[in-house]
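Tertiary structure, described
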Amino acid sequence: LSEHRPFYRAVIPSLGFPARNLEFDVHPRYGGKTSYTFLKSLRMAGQAFLYHSTLPLRLMVGLGVIVALGAFLYGLLSVYVRLSTPGTVRAGWADVIVSVVFLGGLNLIFLGLIGKYIALLIEQGKRRPTYIVDEKNSKLPDLGNRDGVH
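As a starting point, this report considers the structure included with it.

What counts and how
- Residues numbered from 1 in each chain as written.
- Predicted model: local features only at pLDDT ≥ 70, side-chain atom pairs only at ≥ 80, totals over all residues.
- Heavy atoms only, no water.
- Helix = DSSP H or I, 4+ residues; strand = E, 2+ residues; numbered from the N terminus.
- Buried < 20%, exposed > 50% of the residue type's maximum accessible area, 1.4 Å probe, protein only.
- Contact = heavy atoms within 4.5 Å.
- Areas by Shrake-Rupley, 256 points an atom, 1.4 Å probe, with all protein chains shown as cover.
- Axes fitted to C-alpha atoms, helices over the stretch in contact; angles between N-to-C directions.
- Parallel < 35°, antiparallel > 145°, perpendicular 65-115°, else oblique.
- Left-handed = near helix turned anticlockwise from the far one by under 90°.
- Nonpolar A, V, L, I, M, F, W, Y, C, P; charged D, E, K, R; others polar.
- Expected span 1.5 Å × (residues − 1).

On a plain count of helices and strands, the chain comes out with 4 helices and 0 strands. Element order for the chain, N to C, with α for helix and β for strand: α-α-α-α. Put simply, the chain has 150 residues, and 13% of those count as buried. Within the chain, contacts between residues at least 6 apart in sequence are counted, and of these 63% link residues at least 24 apart. Of the roughly 13100 Å² of accessible surface on the chain, a fraction of 65% belongs to carbon and sulfur atoms.

Okay, here's the thing in C-alpha coordinates:
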(Lines give C-alpha, C1' and ligand atoms only; values in the text may rest on other atoms or scores of the structure.)
Protein backbone atom coordinates (compact mmCIF):
# COMPACT_ATOMS: atom_id res chain seq x y z
CA LEU A 1 0.00 0.00 0.00
CA SER A 2 1.20 3.47 -0.80
CA GLU A 3 -0.50 5.05 2.22
CA HIS A 4 1.62 6.70 4.87
CA ARG A 5 -0.40 5.36 7.83
CA PRO A 6 -2.60 2.51 6.64
CA PHE A 7 -5.20 1.21 9.04
CA TYR A 8 -4.99 -2.48 8.14
CA ARG A 9 -8.20 -3.49 9.91
CA ALA A 10 -10.11 -1.33 7.42
CA VAL A 11 -7.87 -1.68 4.35
CA ILE A 12 -7.51 -5.47 4.21
CA PRO A 13 -11.26 -6.24 3.98
CA SER A 14 -11.62 -3.62 1.24
CA LEU A 15 -9.19 -5.54 -0.99
CA GLY A 16 -11.94 -7.97 -1.93
CA PHE A 17 -10.40 -11.29 -1.00
CA PRO A 18 -12.61 -14.01 0.49
CA ALA A 19 -12.85 -13.78 4.27
CA ARG A 20 -14.40 -15.73 7.08
CA ASN A 21 -14.64 -15.47 10.84
CA LEU A 22 -12.32 -17.54 12.94
CA GLU A 23 -13.31 -18.19 16.52
CA PHE A 24 -10.58 -18.87 19.06
CA ASP A 25 -10.07 -18.90 22.80
CA VAL A 26 -7.92 -16.18 24.32
CA HIS A 27 -5.66 -17.60 26.99
CA PRO A 28 -4.35 -15.52 29.89
CA ARG A 29 -1.08 -13.71 29.37
CA TYR A 30 1.92 -15.64 30.71
CA GLY A 31 4.02 -12.76 31.87
CA GLY A 32 4.32 -9.01 31.98
CA LYS A 33 1.81 -6.37 31.09
CA THR A 34 0.78 -5.16 27.69
CA SER A 35 2.47 -2.01 26.47
CA TYR A 36 -0.57 -1.15 24.36
CA THR A 37 -2.39 1.16 26.74
CA PHE A 38 -5.98 2.37 26.62
CA LEU A 39 -4.75 5.75 25.35
CA LYS A 40 -2.98 4.06 22.43
CA SER A 41 -6.16 2.14 21.62
CA LEU A 42 -8.14 5.36 21.74
CA ARG A 43 -5.61 7.08 19.46
CA MET A 44 -5.84 4.19 16.97
CA ALA A 45 -9.66 4.41 16.99
CA GLY A 46 -9.47 8.16 16.37
CA GLN A 47 -7.07 7.70 13.46
CA ALA A 48 -9.28 5.04 11.95
CA PHE A 49 -12.29 7.30 12.31
CA LEU A 50 -10.55 10.31 10.78
CA TYR A 51 -8.51 8.55 8.07
CA HIS A 52 -11.24 6.27 6.75
CA SER A 53 -14.41 8.27 7.25
CA THR A 54 -15.84 11.54 6.06
CA LEU A 55 -18.43 11.46 8.84
CA PRO A 56 -16.73 14.27 10.85
CA LEU A 57 -16.91 16.50 7.77
CA ARG A 58 -20.57 15.64 7.18
CA LEU A 59 -21.26 16.35 10.85
CA MET A 60 -19.58 19.74 10.50
CA VAL A 61 -21.77 20.63 7.52
CA GLY A 62 -24.87 19.44 9.39
CA LEU A 63 -23.94 21.44 12.49
CA GLY A 64 -23.38 24.51 10.31
CA VAL A 65 -26.82 24.11 8.75
CA ILE A 66 -28.41 23.74 12.19
CA VAL A 67 -26.58 26.80 13.56
CA ALA A 68 -27.41 28.95 10.51
CA LEU A 69 -31.04 27.83 10.58
CA GLY A 70 -31.22 28.50 14.32
CA ALA A 71 -29.81 32.00 13.81
CA PHE A 72 -32.33 32.65 11.05
CA LEU A 73 -35.22 31.50 13.25
CA TYR A 74 -33.90 33.57 16.16
CA GLY A 75 -33.75 36.56 13.84
CA LEU A 76 -37.38 36.04 12.88
CA LEU A 77 -38.30 35.72 16.56
CA SER A 78 -36.45 38.91 17.46
CA VAL A 79 -38.22 40.81 14.66
CA TYR A 80 -41.57 39.49 15.92
CA VAL A 81 -40.78 40.46 19.54
CA ARG A 82 -39.53 43.89 18.43
CA LEU A 83 -42.71 44.57 16.45
CA SER A 84 -45.17 43.11 18.95
CA THR A 85 -43.71 44.65 22.14
CA PRO A 86 -41.80 47.84 21.30
CA GLY A 87 -39.28 49.06 23.84
CA THR A 88 -38.64 45.71 25.57
CA VAL A 89 -35.67 44.66 23.44
CA ARG A 90 -32.42 46.63 23.34
CA ALA A 91 -31.89 48.11 19.90
CA GLY A 92 -29.12 46.44 17.87
CA TRP A 93 -28.38 43.57 20.27
CA ALA A 94 -30.38 40.94 18.38
CA ASP A 95 -28.96 42.13 15.06
CA VAL A 96 -25.40 41.59 16.21
CA ILE A 97 -26.10 38.18 17.77
CA VAL A 98 -28.03 36.93 14.74
CA SER A 99 -25.33 38.16 12.35
CA VAL A 100 -22.47 36.58 14.30
CA VAL A 101 -24.21 33.24 14.82
CA PHE A 102 -25.47 33.04 11.23
CA LEU A 103 -22.03 33.79 9.81
CA GLY A 104 -20.53 31.23 12.21
CA GLY A 105 -22.96 28.65 10.85
CA LEU A 106 -22.02 29.55 7.29
CA ASN A 107 -18.34 29.19 8.21
CA LEU A 108 -18.99 25.68 9.53
CA ILE A 109 -20.85 24.75 6.35
CA PHE A 110 -18.11 26.00 4.05
CA LEU A 111 -15.30 24.50 6.14
CA GLY A 112 -17.08 21.16 5.98
CA LEU A 113 -17.47 21.42 2.20
CA ILE A 114 -13.82 22.36 1.75
CA GLY A 115 -12.91 19.41 3.97
CA LYS A 116 -15.01 17.11 1.76
CA TYR A 117 -13.08 18.26 -1.31
CA ILE A 118 -9.78 17.70 0.47
CA ALA A 119 -10.97 14.23 1.54
CA LEU A 120 -11.76 13.40 -2.08
CA LEU A 121 -8.28 14.53 -3.12
CA ILE A 122 -6.71 12.38 -0.41
CA GLU A 123 -8.76 9.35 -1.52
CA GLN A 124 -7.54 9.86 -5.09
CA GLY A 125 -3.97 10.25 -3.82
CA LYS A 126 -4.09 6.83 -2.15
CA ARG A 127 -4.36 5.30 -5.63
CA ARG A 128 -6.21 2.22 -4.44
CA PRO A 129 -7.29 -0.07 -7.26
CA THR A 130 -10.80 0.42 -8.57
CA TYR A 131 -11.31 -3.32 -8.56
CA ILE A 132 -9.25 -6.50 -8.26
CA VAL A 133 -9.32 -9.21 -10.89
CA ASP A 134 -9.72 -12.63 -9.28
CA GLU A 135 -8.96 -14.63 -12.42
CA LYS A 136 -8.31 -13.82 -16.05
CA ASN A 137 -10.01 -15.28 -19.06
CA SER A 138 -7.16 -16.75 -21.15
CA LYS A 139 -9.06 -16.11 -24.40
CA LEU A 140 -8.70 -12.34 -24.03
CA PRO A 141 -5.41 -10.60 -24.85
CA ASP A 142 -3.46 -9.22 -21.89
CA LEU A 143 -3.65 -5.43 -22.13
CA GLY A 144 -1.41 -4.80 -19.15
CA ASN A 145 -2.13 -2.75 -16.06
CA ARG A 146 -4.53 0.02 -17.09
CA ASP A 147 -6.54 2.54 -15.12
CA GLY A 148 -5.48 1.32 -11.69
CA VAL A 149 -6.62 -2.28 -12.24
CA HIS A 150 -4.41 -4.77 -10.37
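Once the structure has been displayed, the description carries forward.
Before going further, it helps to examine the packing of helix α3 (residues 55-84) against helix α4 (residues 93-126). Contact geometry for α3 and α4: axes closest at 8 Å, N-to-C directions at 160°. In terms of orientation, α3 lies roughly antiparallel with respect to α4. In this structure, the crossing between α3 and α4 has a hand that is left-handed. Grouping the constituent residues of the contact of α3 with α4 by class yields 20 nonpolar, 6 polar and 2 charged.

Helix length check: α4 (34 residues) gives 49 Å between terminal C-alpha atoms against 50 Å at 1.5 Å per residue, within 8%. All buried positions along α4 are accounted for by Ala 94, Val 98, Gly 105, Ile 109, Gly 112, Gly 115, Ala 119 and Lys 126. In this fold, the buried residues of α4 make contact with α2 (38-51) and α3.

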